[in-house]
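Structural description and commentary
In case you want the letters, here they are:
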Amino acid sequence: MLVDKAYAQTRALCYHAPIDGRARARHPGAMHDTHKHDHNPGCPGDAHGHDHGHDHDHAGHSHAHHADMTSADSRRRVVLAALLTGGFMLAEVIGGLLSGSLALLADAAHMLTDTGSLLLAWLGYKLAARPADPGRSFGFGRMKVLAAFTNGVLLILLALWIVWEAITRLLSPSPILGELMLGVAVLGLVVNIMAFAILHGGGHSHDLNLRGALWHVAGDMLGSVAAILAAVLILWQGWYIADPLLSILVAGLALFGGVRIVREAGHILIEGTPEGLESAKIIADLKASVPGVANVSHVHAWALTESRPLVTLEVTLAPGADAESVRRAVKERLAHAFGASHATVEVIGEVSVSAA
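Residues numbered from 1 in each chain as written. Predicted model: local features only at pLDDT ≥ 70, side-chain atom pairs only at ≥ 80, totals over all residues. Heavy atoms only, no water.

Comments concerning the nonpolar core
Of all hydrophobic cores here, the largest spans 21 residues; its most connected members are L313, V315, V330 and L334. For this core, the secondary-structure elements that each account for two or more residues are α8 (279–289), β2 (293–305), β3 (308–317), α9 (323–338) and β4 (342–348). Counting residues in each nonpolar core, the second largest holds 20 residues, with M111, A227, A231 and I234 among its members. (Core = buried A, V, L, I, M, F, W, Y, C linked by side-chain atoms within 4.5 Å. Buried < 20%, exposed > 50% of the residue type's maximum accessible area, 1.4 Å probe, protein only. Helix = DSSP H or I, 4+ residues; strand = E, 2+ residues; numbered from the N terminus.)

A word on the packing of helix α4 (residues 143–171) against helix α7 (residues 242–269)
As a packed pair, α4 and α7 sit with axes 7 Å apart at the nearest point and diverge in direction by 155°. On the basis of their axis angle, the class for α4 and α7 is roughly antiparallel. By crossing handedness, the relation of α4 to α7 is classed as left-handed. Broken down by class, the residue content of the contact of α4 with α7 amounts to 24 nonpolar, five polar and two charged. (Axes fitted to C-alpha atoms, helices over the stretch in contact; angles between N-to-C directions. Parallel < 35°, antiparallel > 145°, perpendicular 65-115°, else oblique. Left-handed = near helix turned anticlockwise from the far one by under 90°. Nonpolar A, V, L, I, M, F, W, Y, C, P; charged D, E, K, R; others polar.)

Points about α8
Within the span of α8, buried status applies to I282, D285 and L286. Looking down the long axis of α8, one finds its buried residues gathered within 95° of arc, a one-sided arrangement. Opposite the buried face of α8, by more than 90 degrees, sit the exposed residues A280 and A288. Of the surrounding elements, those touching the buried residues of α8 are β2, β3 and α9. (Arc of directions from axis to C-beta. Contact = heavy atoms within 4.5 Å.)

Considering the pattern of salt bridges
A full pass over the atoms with the stated rule returns seven salt bridges. One salt bridge in this structure joins D133 and R136, with 3.0 Å as the shortest N-O distance. By relative accessible area, R136 is classed as partly exposed at 40%. One continuous salt-bridge network, built from bridges that share partners, spans E324, R327 and R328. (Salt bridge = Lys/Arg side-chain N within 4 Å of Asp/Glu carboxyl O.)

So, the pairing of β2
Alignment of β2 against β3, held across nine bridges, turns out to be antiparallel. When the sheet's bridge partners are listed, V293 is paired in β3 with L317. What sits between the antiparallel neighbours β2 and β3 is a turn of two residues. (Pairing = 2+ DSSP bridges.)

Structural notes on α7
Between its first and last C-alpha, α7 extends 40 Å over 28 residues, near the 40 Å set by a 1.5 Å rise per residue. Positive phi shows up at E271, right after α7, with a value of about 60°. (Expected span 1.5 Å × (residues − 1).)

Structural notes on the pairing of β3
Remark: a regular strand shows side chains that alternate across the two faces of the sheet. Where burial is concerned, most of β3 is hidden: eight out of the 10 residues are buried. Note: β3 against β4, seven bridges, orientation parallel. Each bridged residue has a counterpart across the sheet, and for E314 the counterpart in β4 is E346. Note on the crossover from β3 through α9 to β4: the handedness is right-handed. (Right-handed = clockwise from strand over helix to strand, strands pointing away.)

Points about the environment of T312
When you line up the elements, T312 lands in strand β3. You can call T312 buried: its relative accessible area is 1%. Along the sequence, T312 and T344 sit 32 residues apart, while their C-alpha atoms lie 4.6 Å from each other.

So, the confidence of the model for the protein
When pLDDT is averaged along the protein, the result is 75; 75% of the residues meet or exceed 70. Here helix α1 (residues 5–14) is the element of the protein with the lowest mean pLDDT, 37, and α8 is the one with the highest, 95. Ignoring residues within four places in sequence, the model shows residues 1–69, a span with pLDDT below 50, making 143 contacts including any to other chains. Confidence drops under pLDDT 50 across residues 351–356; counting only partners more than four residues distant or on other chains, this segment forms nine contacts. (pLDDT = per-residue confidence, 0-100.)

Regarding the environment of S341
Within the secondary structure, S341 is located in the loop between α9 and β4. A residue is classified by how much of its surface remains accessible, and S341, at 13% relative accessible area, is buried. C-alpha of S341 to C-alpha of P309: the two residues are 32 residues apart in sequence and 7.7 Å apart in space.

Okay, structure coming up:
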């Protein structure tokens, strides 16, 4: 049977969900473990035996506490890495100026941006831990993603600067003190390995912000290796050209990491569909796996952070199916099959002409 347009609009307003299906939560408690709307007795559908349901609880999943613990550990790791990196950066600047090595100066500049980037990552974690408020129903969770995006942009800019400076050095070579360059580079490698080890133990695979910081420190570590190789070649063969050439190699690696982080963070910021949550895949899975589902429409999937996907959709009941049972089954399926523990599901059934 066809659903009367006016009836559908009124019903959607009563359940605080736009008619196009993008039924996002817009209240401070949206991210709590369980939340249900009270039905308005004056709304269509409540007087018709609850032919539809609307809810966006977390299907019994509670992951907020675990996320907070992970962020707290990440904050500590980021601060320790920032102290190590920032402390040695000054020594590397002095060594680069005295030796005349671009590789050392490039690595020092990288460490300077890394220190700022690590502090930016820490700020992202700090703000993300703040609770939601009436003006920000999802809180500050996206700050981690924004910090990662900014770190990626800084990596790209840094790589371009290193390439420019290296070209200048290739056109106008200058003598380099290989012994001093080698000593400072070795110490820098030790510091960078320590910082990398601290960050690498923080569960970076599911944390875009920490991965951005890790890419910065990895670039520093490779920069130190390049400086060591350049110093050895200068001392052994007098190849001063090795300094700018190896600096370009490090810049290429930094550029790769920066572009990758920017693409991933940017995809989240523009609310792109998370990998594995494509509409066609969700529709096919729910229709095949959940009894009582006749059709699935208005599917929207996006992510608050890299580890917190959100889904809204509308389910049409099969004849004789129970709305509440189907709603819960759909949410459970989304949580277990797609990792979407925060979902807004609106369930509708056939509406008779007389009811409309």
